[in-house]
Amino acid sequence: MRPVLSLLLVCAAMWAQFDSGQIAGFVRDSTGAIVPGAPVAVTNEATNVTSRSTANDEGYYVFPSLPVGTYRVNVEATGFKKYALTGIVLNAAAKVGVDIELVVGALSETVEVKASAAQVNTESAQVGRTVEQKQIQDLTLNGRNPVYLALLKPGVRGGNINTFDPDSVSNGGFSINGGRSDEYFVYVDGAVATRTRSSGSMLGSLNVDAVQEVQILTANYNAEFGRSSGGQIRFVTKSGTKDFHGDLVENFRNSALDANQWQRNRSPDPALNRAAAPFRFNQFGYDIGGPLVIPGKFNQKKDKLFFFWAQEFIKRRSNPTNTGIVPSLAMRRGDLSELLTASNPFFGRVRAINDPDTRAPFPGNIIPATRVSPNGMALLRVFPEPIPGFQQGGSNWIGVGTAASDMRKDTLKVDYLINDKHRVAFSGTFNPWDFNVPFSDTFGRMQELWQRPNRIASLSLNSTLSPTLINELNVSANSDGKGVIDWNNCATCRRSAYGLNYPYLFPGTKAAPDKVPSIRIGGLTTLDAGPYPGAWAGYVYALSNNVTKIMSKHTLKFGVFVERSGQNDYIQGTTAGPGTTNNQNGDFSFADSGGHPLTTGLALGNALLGYFDSYSEFGTKAYTPYAATSVDFFAQDSWKLTRKMTLDYGLRWDYGTAQRETYGRFANFSSTAINPVLNRPGAFVFEGGGPGGCNCSFAQNYKFGFGPRLGLAYNLNPKTVLRAGFGVVYGQTNPLGLG
């Protein structure tokens, strides 16, 4: 648990965040007297859906939960002219104040007003920024990844809006108001879009043409928002309207327009030095939205059922170039005589090798063939052969790989107005991403094949139970499984292709038995074959319900949020420290001296003799399904103290259980547990029961996540609002538990 305290006093416009917004205000006559009981109607200009309310005894009216869009407000009161205000832009979670001044006259007359293009939120102390649809359309966004629009908000640092990142799962890697990059969450139509396994990534980049707006929540947010101390980035996808609209789009890049890289210019190969590395990028798609109508039977007025559907396809092809230091052909036979020349490109000085048995130099710096280890020579053969005529610094090898990336972005939004009291909305995205990594290590001796399905869905029911009572029910889910990282099994990726036949310490346990080991030889570029293959399947299921009650000048809101998140992992061991490995197939390390008692004084010589300093390997990868449950409650009130002043206050309780492995196999070292082999204290124990189990929990649930919120907004004039706020927010570093 990490509480974050924020205090902010600003003088600026505020644009808020969530999937619905609020329009509220007072109804008065031209003398300033209140007009109680005046009927107020707000209509979405795109769908013609109308909501109705009545000004209370104090002349105050409020529509606390309206979908994002552009609205008009109409008032018809006896003794006054009709009032019509059009062009009110309502962003997600925005609280727009619309005070209405009625003019005495006949209802047959109308006073028409156009809303200001720059509307200041006067009703809330929340601080944030909404990037609206027009800005999204007008901005040139490199790669068309809308997450980078967050950089338009002051206080968001750490990225570049021109980052070319069209096909990825990155959340942008931002720091919001100084927070860490894993301290903010990403939401799509109210559904969690942050991956369970990594807070630094989300479930696929969105189709920018399907995004209605992007909200960046930074400070002083109400109690209904929580679980992320570093802010929130919330996407609202487009909805259909009463009219049909559609788009076609194509973006492309081609290496014919690029300059060559300087590394390729140095290559003696004409195929490399004459032109830039081949690169093809195509990003194309379409979208369509409108009403769903059954002629003569259903939705004739086009104000009941709407849809929006979009698809985007990304195809990227490139030939990345790598360079490295590899052993010469002579070295692979045990002949290191070239190192007796001070100008040798490997070390730039003389390096003689000694016979570890006699301590005398090997004659001519050549190891006799009878002394060379077959597996030691095989390890050197795993390195590609040097490229004749190529020498760039110490690098004597240059290679070109083939990379391919394919991503599809499907977006569906359906809105259904059941009747005047109930409306349903469904939102779903599916972004499957398949790509390869030709250089998992420097030389492409391990090549990865990735499959990343990314799914997000949410279903909401908004019910106006009475003019002063509203209920919002939301069910959402996300999944990034089953994700797979396979190995290419290419001819140059197999250890058997090089004659490596050393026995494994843990035979019969390898996911890819013929994969090459990692090889670390001083003086050469490290060949790190990495931790894969592997697989995973993460998920987040959430249920929330909010109730809004309007009482005089108070807008009370209460809610509960329940989340079950988990990860079915077969991808453990992706990181390793010194002396350990993340390569299941082994990790050899050769140094000049210090590890093996027998040494030639040179890592290359030790490798030829098979005298490694360290070797690491591990057995069966653990399959670890683990999960956690979070339950959050909040209560808040937005109190309209005066015509110009609004007080927001509330309390949130975040209760998150620590993640648990389904079968109780999480292990920890205990200084008091009896080691059954040594029969003395000091042993690993497991959370579960049975032999070696403690039937306990290593991590305790945190029960004291109480976060008070207090905010004040004062409208100095139509263009200026003062805001002050205080809040305690408990950060959750990933969806699998508060941390």
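For the structure itself, look to the data block above.
Residues numbered from 1 in each chain as written. Predicted model: local features only at pLDDT ≥ 70, side-chain atom pairs only at ≥ 80, totals over all residues. Heavy atoms only, no water.

(A) Representation of the overall build of the protein. A count of helical and extended segments in the protein gives five helices and 41 strands. Dimensions along the principal axes, computed over C-alpha positions, put the protein at roughly 115 × 70 × 50 Å. Counting only contacts in the protein whose residues sit at least 6 apart along the sequence, the fraction spanning at least 24 positions is 70%. Summed over all atoms, the accessible surface of the protein reaches about 31,400 Å², with 57% contributed by carbon and sulfur. Averaging the positions of the 69 positive and the 58 negative side-chain charges in the protein gives two centres separated by 1 Å. (Helix = DSSP H or I, 4+ residues; strand = E, 2+ residues; numbered from the N terminus. Contact = heavy atoms within 4.5 Å. Areas by Shrake-Rupley, 256 points an atom, 1.4 Å probe, with all protein chains shown as cover. Lys, Arg positive; Asp, Glu negative; His and termini not counted. Charge placed at Lys NZ, Arg CZ, Asp CG, Glu CD.)

(B) Spotlight on the sheet that holds strand 10 (residues 110–114). Within the open sheet, the five strands sit side by side as 4-3-6-7-10. Their pairing is mixed. Of all strands in the sheet, those bounded by a partner on one side alone are strand 4 (50–54) and strand 10. Sheet twist, expressed as the mean angle between neighbouring strand axes with direction ignored, is 20 degrees. Judged from the five bridges that link them, strand 3 (residues 39–44) and strand 6 (residues 69–75) form a sheet pairing that is antiparallel. Each bridged residue has a counterpart across the sheet, and for Val-40 the counterpart in strand 6 is Val-75. (Pairing = 2+ DSSP bridges. Axes fitted to C-alpha atoms, helices over the stretch in contact; angles between N-to-C directions.)

(C) Fine view of the packing of aromatic side chains. Enumeration over the complete set of coordinates arrives at 29 aromatic pairs. Their ring planes at 80 degrees and their centres at 5.9 Å tell us that Tyr-502 and Tyr-615 sit as a pair that is edge-to-face. Taken together, the residues Tyr-502 in the loop between strand 29 (483–487) and strand 30 (518–521) and Tyr-615 in strand 34 (residues 614–616) connect sequence positions 113 residues apart. With relative accessibility at 8%, the residue Tyr-502 sits in the buried group. Among the aromatic side chains, those forming a connected cluster through ring pairs are Tyr-502, Tyr-504, Phe-588, Phe-590, Phe-612 and Tyr-615. The side chain of Arg-495 reaches across the aromatic face of Tyr-504, ending 4.3 Å from its centre. Positioned above the aromatic ring of Tyr-504, the side-chain terminus of Lys-510 is 5.1 Å from the ring centre. (Phe/Tyr/Trp six-rings, centres within 6.5 Å; stacked < 30°, edge-to-face > 60°. Buried < 20%, exposed > 50% of the residue type's maximum accessible area, 1.4 Å probe, protein only. Lys NZ or Arg CZ within 6 Å of the ring centre and 35° of its normal.)

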